[in-house]
Amino acid sequence: MINRKTVAVIGGGVSGLAAAKAFDERGHRVIGFERSHDFGGVWELSRSYPDVQTQSPKELYCYTDLPMPDDYPEWPKGPQVHKYLHSYADKHKLARLFQLNTNVQSMDRRADGKPGWTLTLEAAGKTWEQDFDFVAVCTGQFSDKNIITHPGQDAFTSAGGTVIHSSEYTDSAMAEGRHVVVLGGSKSATDIAVNAAKSGAKSVTLVYREPVWRVPYFVGGINFKRLLYMRAQEQQFNSWGRSGLARVIAAVFQPLIWANFRGLEMLLKTQLKLKKWDMVPDVPIEKDISCSVPIVTPGLFEGFNDGSIKPIRGTIDHYEPGYAVLTTGDKVPCDLSVLAVGWKLGVPYLSQEYQDKLIEPDGQYRVYRLSVNPDLPDMGFVGFNSSFCTVLSAEMIANWLVRYCDGQLAHQPTDKEMRDNMEMMLNWRRNERPAAQIYGGLCSAPFHFKHFDELLSDIGAKKHKRSNPLAEQFSYPNAKAYGTYLASAPQYQAG
Ligand SMILES: Cc1cc2nc3c(=O)[nH]c(=O)nc-3n(C[C@H](O)[C@H](O)[C@H](O)COP(=O)(O)OP(=O)(O)OC[C@H]3O[C@@H](n4cnc5c(N)ncnc54)[C@H](O)[C@@H]3O)c2cc1C
């Protein structure tokens, strides 16, 4: 008999919806808290910048039981993703489980000594405490803005200039007739630079620190989903936990792997004319691929070519009235400075005592399967295994987490197994694959198949691969098929 638990789900984005569904369907009493007025997280309309669209193709950005509508484009726009998430919430009647406009201020172990956590909640000016047996944390990696300032900013804004975070660029009209400087090299930076150039900005300057490998939607005319999401490709990266034999095989094939990636680099350099723009990264592409690798915003290189976007390698040194002065010495006309400098990763509502157990001094998270930590019992993360197909990875880990919570994993890890595994993963990230340290180590890309294999094996799924080995080796993860793999695991109900 599995006890029915009262489970808090914090966050109502992609991951919160997946977690609410997974815990609800096993019979738990779920109460979700979302501080915004609506579901969607990063796709919630008031937080999205104009023209935002997915990086993942639509087949790779959906839940297992709900494909994106046929009439959606290959890379859906933000409002379409938002609508899709609502249709998922409707399909599984998830709205009844959530309290919107409700902020989780803090969480601490229950004072009554029982297992679980006490959440301090705040809504409409009222604060109260509520006890839970288990907490699924689904607050994502993009909830707290990274705020930076540069010398001279006050005088710059007093003289009529504006400085905003990228998430505040919600209307193209902000750029019209203005000199725009975008700081950053991520996808949001390039999306905003392109949008500003198309929206009648007087000038657009993209100021970035280092060139990074960017992948266009079509590489040499082929949709990148057919190139970069394959098991065959994934196996060429140095993943964690490789056996001695796997390392020997990798060493034997090393020349071929090396040639494959040099070929890919050559293709990207030629297609995007990276040399012309002094944008050839120093790091070999196979060492760099992780969740932070941006997809090329359509119109970016065209904007460089026609002069509507000027790329400059450097950063902002200080502002002067009407100008951003860069570390290169360039004095760039500037009315609107958009700081696409990302988000502060963290769990600020978790008491410091537990943050210290969770996060290493170098910012790396100690999490088993990117979800749980034995020093933080009765809780787990959903969506902290971000990937190139985060909807699917959130659903996979949500299904893993509910079984972990109920002691129903076919292989329920021991305390020692979790600790050993966390150490091994930390060691791998620090010494073998530094790119995997991005976002505190909370990224499963490009190792989607390996991560999902581990989760399905833990869950006890009887099936975890397509029956056609060639299709399995050379095709991208199929969300619907993963639904059948999850269904092949032992099913149970709490209560
Ligand atoms: C512009 C953009 C494009 C992207 N495109 C892709 C893509 O193509 N493919 C891909 O795989 N990933 C993409 N991502 C990554 C994206 O973050 C994930 O795909 C996914 O949306 C994350 O969902 P989440 O629910 O984990 O987090 P979020 O969407 O960040 O949701 C977290 C929710 O938690 C809420 N919350 C936070 N703190 C609290 C609190 N204390 N109390 C109550 N509620 C709280 C927030 O309000 C938010 O609604 C993109 C991200 C951005 C920003």
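Now for a look at the structure at hand.

Details of the state of the cysteines
Okay, step 1: Applying the stated criterion across every chain, the model contains one disulfide.
Okay, step 2: We note that Cys405 lacks a disulfide partner, and the nearest cysteine sulfur, in Cys138, lies 13 Å from it.

Comments concerning the packing of aromatic side chains
Here a ring pair, both rings aromatic, is described through the centre-centre distance and the interplanar angle of the planes.
Okay, step 1: Evaluated as defined, the whole model comprises 28 aromatic pairs.
Okay, step 2: Between Tyr229 and Phe388 the ring centres are 6.1 Å apart and the planes differ by 80°, which places this aromatic pair in the edge-to-face class. On the criterion of sequence distance, the pair formed by Tyr229 in the loop between helix H5 (225-228) and helix H6 (231-234) and Phe388 in the loop between strand S18 (379-381) and helix H11 (390-406) is long-range, its members being 159 residues apart.
Okay, step 3: Given the relative accessible area of 17%, Phe388 is considered buried.
Okay, step 4: A ring pair is formed by Trp240 and Trp428, whose centres lie 5.3 Å apart and whose planes are at 75°; its orientation type is edge-to-face. Separated by 188 residues along the polypeptide, Trp240 in the loop between H6 and helix H7 (244-272) and Trp428 in helix H12 (residues 415-432) bring together distant segments of the chain.

Looking at the site of the ligand
Okay, step 1: Near the ligand there are 31 residues, and of these Ser15, Glu34, Gln55, Ser56 and Tyr61 occur at the shortest range.
Okay, step 2: Residue Val42 places a main-chain N or O atom 2.9 Å away from an oxygen atom belonging to the ligand.
Okay, step 3: Gln55 has a polar backbone atom sitting 2.5 Å from an oxygen atom of the ligand.
Okay, step 4: Split by residue class, the shell around the ligand holds 14 nonpolar, 15 polar and two charged.

Examining the pattern of salt bridges
Okay, step 1: With the rule as written, the count across this model stands at 32 salt bridges.
Okay, step 2: Note that Glu432 is salt-bridged to Arg242, the shortest N-O span being 3.9 Å. You can see Glu432 sitting in helix H12 and its partner Arg242 sitting in the loop between H6 and H7, a full 190 residues away along the chain.
Okay, step 3: A salt bridge links Asp420 to Lys416; the nearest nitrogen and oxygen atoms lie 2.6 Å apart. Taken together, the residues Asp420 and Lys416, both in helix H12 and four residues apart, mark about one turn of the helix.
Okay, step 4: On the accessibility criterion, Asp420 (39% relative accessible area) is partly exposed.
Okay, step 5: On the basis of relative accessibility, which here comes to 56%, the residue Lys416 falls in the exposed class.
Okay, step 6: Salt bridges sharing common partners tie together Glu360, Asp362, Arg366, Glu423 and Arg430.

Looking at unusual backbone geometry
Okay, step 1: Omega for the bond connecting Ala445 with Pro446 falls within 30 degrees of zero, at 0°, which places this linkage in the cis form.
Okay, step 2: Mapping Pro446 onto the fold places it in the loop between H12 and helix H13 (448-459).
Okay, step 3: Unlike most non-glycine residues, Asn101 shows phi in positive territory, near 50°.
Okay, step 4: Positive phi values are uncommon outside glycine, yet Lys273 reaches one of about 55°.
Okay, step 5: Assignment of secondary structure puts Lys273 in the loop between H7 and helix H8 (285-288).

So, helix H15 (residues 479-487)
Okay, step 1: Of all the residues in H15, the buried ones are Ala479, Ala481, Tyr482, Gly483, Tyr485 and Leu486.
Okay, step 2: Elements that come into contact with the buried residues of H15 comprise H11, H13 and helix H14 (469-474).
Okay, step 3: Of the residues flanking the start of H15, the one acting as N-cap is Asn478, its side-chain oxygen 2.9 Å from the backbone nitrogen of Lys480.

Some points on H7
Okay, step 1: The terminal C-alpha atoms of H7, which comprises 29 residues, lie 39 Å apart, in line with the 42 Å expected from a rise of 1.5 Å per residue.
Okay, step 2: When H7 is considered as a whole, its buried residues turn out to be Ala250, Ile257, Phe261, Arg262, Leu264, Glu265, Leu268 and Leu272.
Okay, step 3: Contacts made by the buried residues of H7 are with strand S11 (218-219), H5, H6, H8 and helix H9 (300-306).
Okay, step 4: Looking one or two residues beyond H7, the residue adopting positive phi is Lys273, at roughly 55°.

The rules we used
- Residues numbered from 1 in each chain as written.
- Predicted model: local features only at pLDDT ≥ 70, side-chain atom pairs only at ≥ 80, totals over all residues.
- Heavy atoms only, no water.
- Disulfide = S-S within 2.5 Å.
- Phe/Tyr/Trp six-rings, centres within 6.5 Å; stacked < 30°, edge-to-face > 60°.
- Helix = DSSP H or I, 4+ residues; strand = E, 2+ residues; numbered from the N terminus.
- Buried < 20%, exposed > 50% of the residue type's maximum accessible area, 1.4 Å probe, protein only.
- Near = heavy atom within 4 Å.
- Polar contact = N/O pair within 3.5 Å; in protein donor to acceptor, adjacent residues only side chain to side chain.
- Nonpolar A, V, L, I, M, F, W, Y, C, P; charged D, E, K, R; others polar.
- Salt bridge = Lys/Arg side-chain N within 4 Å of Asp/Glu carboxyl O.
- Contact = heavy atoms within 4.5 Å.
- Expected span 1.5 Å × (residues − 1).

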